[in-house]
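Inside the fold
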Amino acid sequence: MRWGTAMFRLAEDLRIYLHRDPIDFRCGINSLAILVEQSMGLNPFERAAFAFCNRRRTRMKLLFFDRSGFVLVLKALTEDKFRWPKRAETVVALTAEQLRWLLDGIDIDAMVPHPVRQYQFVG
C-alpha cells in the first residue's frame, strides 16, 4: 500500500457545500443530515458533499449520500490546521478541486485562478 494516495475520489462535477461555522464534532450522520437541511437549507440526499470542521480546525467531516446510504468521512490533522474560508455566508459553495486543496492545507481564499474567457474567431 502506498501512503498518501487518496482512498476515494470525488467526481469533478459534484457540488460541494462547506458549513463555514464550526460544529460540535460529536455529531454523527443523522445530526449532520439535519444540520444540512435546517441550517444550510439544502437537501442532504442531493448529489453533493457537505464539509464540516471543528472549532480548532484540526478535524474535517464530509457527508454525502451514495444511492444506498450516507457516507461519513473524517480527516484528523495531528499537527496542522485546516485553512477554513473566512467568508460572511454560512454556506460556501466549492468545486471538487477546491475541496482537495482545502484537504491538502491550501488557503482557498488566497487561490485566484485566471477567469474563463470566451473568444469569437472571425474568419
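Attention here is on the structure that accompanies the text. Everything numeric in this text was worked out from a predicted model, so none of it was measured. (Residues numbered from 1 in each chain as written. Predicted model: local features only at pLDDT ≥ 70, side-chain atom pairs only at ≥ 80, totals over all residues. Heavy atoms only, no water.)

Judged by nonpolar contacts, the single largest core of 18 residues is most densely connected at I16, M60, W84, L94, L99 and L102. Contributions of two or more residues to this core are made by β1 (15–19), β2 (48–53), β3 (59–65), β5 (91–94) and α2 (96–103). With 13 residues, the next largest nonpolar core counts I23, M40, L42 and L63 among its residues. (Core = buried A, V, L, I, M, F, W, Y, C linked by side-chain atoms within 4.5 Å. Buried < 20%, exposed > 50% of the residue type's maximum accessible area, 1.4 Å probe, protein only. Helix = DSSP H or I, 4+ residues; strand = E, 2+ residues; numbered from the N terminus.)

To continue, consider the packing of aromatic side chains. Given two aromatic rings, their pairing is described by the distance between the two centres and the angle made by the two planes. Inspection of every chain in the model, using the stated rule, returns 4 aromatic pairs. Seen from their ring centres, F45 and F70 are 5.2 Å apart, and the 45° between their planes marks the pair as tilted. Linking F45 in the loop between α1 (29–38) and β2 with F70 in strand β4 (residues 70–76), this pair joins segments that are 25 residues apart in sequence. For F70, a relative accessible area of 23% translates into the label partly exposed. Aromatic ring contacts, followed pair by pair, group F45, F65 and F70 into a single cluster. Taking NZ or CZ as reference, K61 lies 4.8 Å from the ring centre of F25, over its face. (Phe/Tyr/Trp six-rings, centres within 6.5 Å; stacked < 30°, edge-to-face > 60°. Lys NZ or Arg CZ within 6 Å of the ring centre and 35° of its normal.)

The values reported here are purely geometric and, on their own, carry no functional implication.
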